[in-house]
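Read off the chains here:
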Amino acid sequence: ILDTYTTGLEMFSNIRRFFKFIHWLYLQYLLNTALYMLEPWERLLFSTLLIGILSTAIYSAFVFLPHHVRSLMQLIS
Amino acid sequence: MPSVKTFEKTNMKKEPRGLAHSDSLEDFEETPTWAAVITVLGYALLTALGWLRDFLRNIGLEDKKTAQEPNPKDFVPLYQSYECFYTRNLYTRIRDVFNQPIASVAGATVQVMERLSTDFNWTFKFSGKKLPSINLGSYNYLGFAENYGPCSDQATKSIEKYGISSCSTRHELGTQHYMKDLESLMSEYLNVEDCITFGMGFATNALNIPALAGKGDLILSDKLNHTSLILGARLSGAAVYTFNHNDIQDLEKRLRNAIIHGQPRTCRPWKKILIIVEGVYSMEGSLCSLPKIIELKKKYKAYLYVDEAHSIGAIGSRGRGVVDYWNVDPNDIDIHMGTFTKSFGSAGGYIAGKKSIIDHIRIYTHSGCYSTSMSAPIVFQIISALSIIMGRDGTNDGQKRIQQLACNVRYFRRQLVDMGFIVYGNDNSPVVPVMIFMPAKIAAVNREMLKRGCAVVTVGFPATLLTESRVRFCISAGHTKEMLDHALKAMDEVGDLVALRYSKRNSPRRWHELNRADYDKEYF
């Protein structure tokens, strides 16, 4: 079996492209939510609020959803 | 002629009058819903943060940097509250992209002075650096905004002979013979009986509509008319109704209702009805459908006022404006109005039409006794520009400029549309608005384009609707193909960086994916 390795140089440019892509995604987040024109502390405030709300929602989904789905199945059957 | 061929290709329905152009050339693609939702949410976030900042300023945690209202007891407030809120909290955040000072003549290229700010655009410092950029924001349609050449030579010679200002109004000592020369030349250019010129384009509208309409008259103006027309209509004291932009059915409905019901309380017939439209609308780039409006006007016996500020010199095969473009009889339009600011590289405005109307305006215009007449270098600049356009100077420079502009416009517009941007307006108008809906992208596009060497004008609220901010390119005959290519490449990169390719009708494509040969063969 012949594995094809990327040479060191190509890996470097791939990593660079990946970081550029992440930077582009961050720029899209800033532009679409109008954070691009806000001062740094306002960006921090909004991002903290957003991450707080999202993480609370995801955590509650992980903890409570299986139980809810199980009780729903029991109600149906 | 290449222009006739392209029109026939895209021409789906032909006008029965045998015109070469149809209405299917105008295009206003709808806003994608997700873009509108995100824009509104963005403005909501900015408003909420604006309230927070105002609260912090009021309790003293932050210092107030705007002008404070003195607020003496029992007096009406001086400032309107939402306007100030908008200026403090939204406009100032991106203030560095508006009102940028320049350091050279605003021709095809311009030197923009770089400004730096350490306290988020409340104060600016010049870094001293001048950024040479392609000028895509000046209304320099025929390329006459230059400081060398026959026009500027004539203007400088006239200063030596006639001085800088006439220092008097038209009714007193301000009417000079060169103004009479200009008026006769302009009336010959437009193929009308007579013409009168004024020192300021805005004032031409604002001070002359009161001389034409008064109490007991009706003015029907397009919803997207310029502020000068709205101001003139309000000053006149006539009743003003608006009709939807370029909507002939709506205009006919309002005409019929006006004639049937008459004046609001007394139900007496209107003394006269004046329809005010513009040739090219500067924020949308659309043309008015003049033949249909003339048909309506003749049927219902109304008067027509056409404001050709952006279209004179720039539209039409001989550069004579929308009248030339649609090939209508100039005698059908009662009042032709235009400005010398855009295509002639000067300042001022004119009103042209039948001699009886112009004689009436000469006496009753407000600017006849209250504003100074045009100064000599300005008049000579227009006279030399007009003689070049009309071919009176012996060369065919004028016709070449008009064709160069038409070529540039077609080249630029087609490529932008094919790349997937939403571009409003008629395919032939030199005003090219590209939509950027979100408020933060207004600043991003302007700054990124300036970094790449293109000075553009980005507009948001209140010049446009809240959710419809745009970047407006103004193509000039002074732009060469290399400059347009550079601008298109820059727009392509910026469109990728900022995600501006909203169009659903054309798929998003990069500049290098477009077939060069398609566009090059149309460009001579």
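All of these numbers come straight from a predicted model, not from anything done at the bench.

1. Some points on the interface of chain A and chain B
Okay, step 1: Listed as interface residues are 18 residues of chain A and, on the opposing side, 23 residues of chain B.
Okay, step 2: Between chain A and chain B the total buried area reaches about 1800 Å² when both faces are included, carbon and sulfur atoms providing 70% of it.
Okay, step 3: Between glutamate 39 of chain A and arginine 53 of chain B there is a salt bridge, with the nearest N and O atoms lying 3.0 Å from each other.
Okay, step 4: Looking at the side of chain A that touches chain B, the elements with two or more residues in it are α1 (8–32) and α2 (40–76) of chain A.
Okay, step 5: For the side of chain A that touches chain B, the element with the most residues is α1 of chain A, which contributes six residues.
Okay, step 6: Each residue belonging to the side of chain A that touches chain B can be placed in one class, and the counts come to 13 nonpolar, three polar and two charged.

2. So, the domain arrangement of chain A
Interfaces are frequently sized by the accessible area removed from exposure as the parts join.
All names here are of chain A.
Okay, step 1: For chain A, the assigned domains are domain 1 (1–37) and domain 2 (39–77).
Okay, step 2: Contact with domain 1, which involves seven residues of that partner, is made by five residues of domain 2.
Okay, step 3: Summing both sides of the interface, domain 1 and domain 2 together bury roughly 440 Å²; the carbon and sulfur share of this comes to 55%.
Okay, step 4: Viewed at the interface, domain 2 and domain 1 are joined by zero salt bridges.
Okay, step 5: Where domain 1 touches domain 2, the interface holds three residue pairs in polar contact (both at pLDDT 80 or more).
Okay, step 6: Among the residues forming the side of domain 1 that touches domain 2, the class breakdown is six nonpolar, one polar and no charged.

3. Digging into the confidence of the model for chain B
Residues and elements named next belong to chain B.
Okay, step 1: Mean pLDDT over chain B works out to 88, with 94% of the residues at or above the 70 mark.
Okay, step 2: Across residues 1–24 the pLDDT falls below 50, and counting only partners more than four positions away or on other chains, this stretch makes 30 contacts in the model.
Okay, step 3: Overall fold confidence (pTM) sits at 0.87, and the ipTM for the predicted complex is 0.84.

4. Regarding the UniProt feature "transmembrane region" (unreviewed entry) in chain A
Residues and elements named next belong to chain A.
Okay, step 1: Taking the numbering used here, the UniProt-annotated feature "transmembrane region" (unreviewed entry) corresponds to residues 21–38 and 44–65.
Okay, step 2: For residues 21–38, the end-to-end C-alpha separation is 23 Å, with 67% helix and 0% strand making up the annotated structure.
Okay, step 3: For the annotated span residues 44–65, helix accounts for 100% and strand for 0% of the residues, and the straight-line distance between the end C-alpha atoms is 30 Å.

5. A look at the sheet that holds strand β14 (residues 457–459) of chain B
Residue and element names in this part refer to chain B.
Okay, step 1: Judged by pairing direction, the sheet is antiparallel, and its three strands sit side by side in the order β12-β15-β14 without closing on themselves. A strand with exactly one partner marks an edge of an open sheet, and here the two such strands are β12 (431–435) and β14. Between one strand axis and the next, the sheet turns by 30° as a mean value, whatever way the strands run.
Okay, step 2: Here five bridges tie β12 to strand β15 (residues 470–474), and the two strands are oriented antiparallel to one another.

6. Notes on the sheet that holds strand β6 (residues 239–243) of chain B
All names here are of chain B.
Okay, step 1: One open sheet holds the seven strands; their spatial order is β4-β10-β9-β8-β7-β5-β6, and the pairing between them is mixed. Two strands in the sheet have a free side with no partner beyond their single neighbour: β4 (194–198) and β6. This sheet shows a mean twist of 20° between the axes of neighbouring strands, independent of strand direction.
Okay, step 2: Judged from the four bridges that link them, strand β5 (residues 218–222) and strand β7 (residues 273–278) form a sheet pairing that is parallel. Within β7, the position partnered with isoleucine 219 by the bridge is leucine 274.

7. Side note on the side chain of serine 152 of chain B
Okay, step 1: Tracing the chain through its elements places serine 152 of chain B in helix α4 (residues 150–162).
Okay, step 2: We classify serine 152 of chain B as buried; its relative accessible area is 17%.

8. Structural notes on helix α7 (residues 227–236) of chain B
All names here are of chain B.
Okay, step 1: Every buried residue of α7 is listed here: Ser228, Leu229, Gly232, Ala233 and Ser236. Buried positions in α7, seen along its axis, are confined to an arc of 135° and lie on one side of it. Opposite the packed face of α7, turned more than 90 degrees from it, sit the exposed residues Arg234 and Leu235.
Okay, step 2: Where the residues of α7 are buried, they touch α6 (201–212), β5, β6, β7 and β8 (303–307).
Okay, step 3: Immediately beyond the C-terminal end of α7, within one or two residues, lies glycine 237, with a positive phi of roughly 90°.

9. A closer look at the packing of aromatic side chains
Okay, step 1: Within this structure, the stated rule accounts for 18 aromatic pairs over all chains.
Okay, step 2: For the ring pair phenylalanine 21 of chain A and tryptophan 24 of chain A, a centre distance of 6.3 Å and an interplane angle of 15° mean the geometry is stacked. With phenylalanine 21 of chain A and tryptophan 24 of chain A both in helix α1 and three residues apart, this pair spans about one turn of that helix.
Okay, step 3: Residue phenylalanine 21 of chain A is classed as partly exposed on the basis of its relative accessible area, which comes to 43%.
Okay, step 4: Judged by centre distance (5.0 Å) and plane angle (70°), the rings of phenylalanine 437 of chain B and tyrosine 502 of chain B are edge-to-face. Here phenylalanine 437 of chain B is found in the loop between β12 and α15 (439–451), whereas its partner tyrosine 502 of chain B is found in the loop between α16 (481–498) and α17 (516–520), with 65 residues between them in sequence.

10. Quick word on the UniProt feature "domain: Aminotransferase class I/classII large" (unreviewed entry) in chain B
Okay, step 1: As recorded in UniProt, the sites labelled "domain: Aminotransferase class I/classII large" (unreviewed entry) are residues 134–490 of chain B.
Okay, step 2: Note that residues 134–490 of chain B is 43% helix and 15% strand, and that its end C-alpha atoms are spaced 11 Å apart.

11. Some remarks on the domain arrangement of chain B
All names here are of chain B.
Okay, step 1: When the domains of chain B are assigned, the result is domain 1 (33–74 + 81–88), domain 2 (97–136 + 398–523) and domain 3 (150–390).
Okay, step 2: Placing a centre on the C-alpha atoms of domain 1 and another on those of domain 2 gives a separation of 30 Å.
Okay, step 3: Across the boundary between the two partners, domain 1 contributes 13 residues, which contact 10 residues of domain 2.
Okay, step 4: Carbon and sulfur atoms supply 76% of the area buried between domain 1 and domain 2, which totals about 1100 Å² over both sides.
Okay, step 5: Considering only the surface of domain 1 that becomes buried against domain 2, Thr39, Tyr43 and Lys65 emerge as the three largest contributors, covering 44% of it.
Okay, step 6: Listing elements by their share of the side of domain 1 that touches domain 2, those giving two or more residues are α2 (33–59) and α3 (81–91).
Okay, step 7: Element by element, the count of residues in the side of domain 1 that touches domain 2 is highest for α2, at eight residues.
Okay, step 8: The class makeup of the residues in the side of domain 1 that touches domain 2 is eight nonpolar, two polar and three charged.

What counts, and where the lines are drawn
The residue numbers shown here count from 1 along each chain, following its written sequence. Chain letters start at A and ligand numbers start at 1, both assigned in the order the entries are written. This being a predicted model, a pLDDT of at least 70 is required before a residue's local features are given, and a value of 80 or more before pairs of side-chain atoms are given or counted; all residues contribute to the totals for chains, interfaces and linings. Where side-chain values are given, they derive from all heavy atoms of the structure, hydrogens and water being excluded. Should any heavy atoms of two residues lie within 4.5 Å, those residues are counted as being in contact. Accessible area that two parts lose when put together, with a 1.4 Å probe and added across both, is what the buried area reports. We count a salt bridge whenever a side-chain nitrogen from Lys or Arg sits within 4 Å of a carboxyl oxygen from Asp or Glu. A run of H or I in DSSP counts as a helix once it spans at least four residues, and a run of E counts as a strand once it spans at least two, with each numbered from the N terminus. Ten residues, namely Ala, Val, Leu, Ile, Met, Phe, Trp, Tyr, Cys and Pro, are considered nonpolar, four, namely Asp, Glu, Lys and Arg, are considered charged, and the remaining ones, Gly among them, are considered polar. Domain start and end points were adopted from an automatic or database domain assignment. Between N or O atoms, a polar contact is any pair within 3.5 Å; within protein, one atom must be a potential hydrogen donor and the other a potential acceptor, and residues adjacent in sequence are included only when both atoms are from side chains. What pLDDT conveys is the predictor's confidence in a given residue, as a value from 0 to 100. UniProt positions are given in the numbering used here, feature names are shortened, and annotations may be inferred rather than shown by experiment. DSSP calls a pair of strands paired once it identifies at least 2 bridges connecting them. Helix axes are fitted only over the stretch in contact, all axes being lines through C-alpha atoms; the angle between N-to-C directions runs from 0 to 180 degrees. Exposed residues in this analysis have more than 50% of their type's maximum accessible area, buried residues have under 20%, and partly exposed residues fall in between, with area computed by a 1.4 Å probe over protein chains only. Directions drawn from the helix axis to the C-beta atoms are what define this arc. Between rings of Phe, Tyr and Trp, where Trp is taken as its six-membered ring, a pair exists when centres lie within 6.5 Å; planes separated by under 30 degrees are stacked, by over 60 edge-to-face, and by other angles tilted.

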